[in-house]
Amino acid sequence: VARIVQNGDRAFERQGYQDALKYYEKALPRLDKAGQELVKIKILQAQRSMLIDDGDAEFRRGAFDAALKAYQKALELSPGGDIEQRIDRAKAQLAR
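So, here's what we can say about the structure. (Residues numbered from 1 in each chain as written. Predicted model: local features only at pLDDT ≥ 70, side-chain atom pairs only at ≥ 80, totals over all residues. Heavy atoms only, no water.)

Some thoughts on the packing of aromatic side chains
- Across all of its chains, the model carries two aromatic pairs by this definition.
- Centre to centre, the rings of phenylalanine 12 and tyrosine 17 are 5.1 Å apart; their planes meet at 65 degrees, and the pair counts as edge-to-face.
- Judged by relative accessible area, phenylalanine 12 falls into the partly exposed class, the value being 25%.
- Taking the centre distance of 5.0 Å and the plane angle of 70 degrees together, the rings of phenylalanine 59 and phenylalanine 64 count as edge-to-face. Take phenylalanine 59 and phenylalanine 64: they sit in the same class, and that class is buried. (Phe/Tyr/Trp six-rings, centres within 6.5 Å; stacked < 30°, edge-to-face > 60°. Buried < 20%, exposed > 50% of the residue type's maximum accessible area, 1.4 Å probe, protein only.)

Considerations on unusual backbone geometry
- At glutamine 15, a residue that is not glycine, the phi angle is positive and equals roughly 65 degrees.
- Take glutamine 15: it is sitting in the loop between α1 (2-13) and α2 (17-27). (Helix = DSSP H or I, 4+ residues; strand = E, 2+ residues; numbered from the N terminus.)

Focus on the nonpolar core
- Counting residues in hydrophobic clusters, the biggest one holds 12 residues: Ile4, Val5, Ala11, Ala20, Leu21, Tyr24, Ala27, Leu28, Leu31, Val39, Ile43 and Ala46.
- Here this core takes four residues from α2, the largest share from any one element.
- Aside from chain neighbours lying at most four places away, what touches valine 39 is Val5, Tyr24, Leu28 and Leu31.
- Counting residues in each nonpolar core, the second largest holds 11 residues, with Ile52, Phe59, Ala74 and Ile87 among its members. (Core = buried A, V, L, I, M, F, W, Y, C linked by side-chain atoms within 4.5 Å. Contact = heavy atoms within 4.5 Å.)

Re the packing of helix α3 (residues 33-61) against helix α4 (residues 64-77)
- Close contact between α3 and α4 brings their axes to 8 Å; oriented N to C, the two are set at 165 degrees. Taken together, α3 and α4 sit at an angle that is classed as roughly antiparallel. When you trace α3 past α4, the crossing you get is left-handed. Judged by residue contacts, Leu44, Gln47, Arg48, Leu51, Ile52, Asp54, Gly55, Asp56, Glu58 and Phe59 of α3 engage Phe64, Ala66, Ala67, Ala70, Tyr71, Lys73, Ala74 and Leu77 from α4.
- When the residues that make up the contact of α3 with α4 are grouped by side-chain class, the tally is 11 nonpolar, two polar and five charged. (Axes fitted to C-alpha atoms, helices over the stretch in contact; angles between N-to-C directions. Parallel < 35°, antiparallel > 145°, perpendicular 65-115°, else oblique. Left-handed = near helix turned anticlockwise from the far one by under 90°. Nonpolar A, V, L, I, M, F, W, Y, C, P; charged D, E, K, R; others polar.)

Brief notes about the side chain of arginine 48
- If you trace the backbone, arginine 48 turns up in helix α3.
- Buried and unpaired, arginine 48 has no salt bridge, with aspartate 82 as the nearest side chain of opposite charge at 6.1 Å.
- With sequence-adjacent residues up to four places away left out, arginine 48 is seen in contact with Ala74, Leu77, Ser78, Pro79, Gly80, Gly81 and Ile83. (Lys, Arg positive; Asp, Glu negative; His and termini not counted. Salt bridge = Lys/Arg side-chain N within 4 Å of Asp/Glu carboxyl O.)

Looking at the pattern of salt bridges
- Applying the stated criterion across every chain, the model contains six salt bridges.
- The salt bridge partner of aspartate 65 is lysine 69, with a shortest N-O separation of 3.4 Å. Placement of both aspartate 65 and lysine 69 in helix α4 is noted, with a separation of four residues, approximately one turn of the helix.
- According to the relative accessible area criterion, lysine 69 is partly exposed, its value standing at 48%.
- Here aspartate 82 and arginine 86 are joined by a salt bridge, their closest N and O atoms 2.4 Å apart.
- Arginine 86 sits in the buried class, given a relative accessible area of 17%.
- When salt bridges with common partners are traced through the structure, they connect Asp56, Asp82 and Arg86 into a single cluster.

Shown next, in the form of structure tokens:
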């Protein structure tokens, strides 16, 4: 089980968030309570990172409304980082 989580961590470090999620979700039911709590945090981090990446891609395409929605979902999962700046940037583009 530890190897599965480590594979998820490696995927996360490579920004392979979908792969990381697969590993974490595979490991989750096999872990004790403390391990499950840790992996649940890793799952949230991977989901948040995926949403930010999606938002960044939408922003680059000029789809500012879609970018804003992705950023807001990421913020709901976990505040912090520079997500508020991304939200402000998307809102500014929509206001133009």
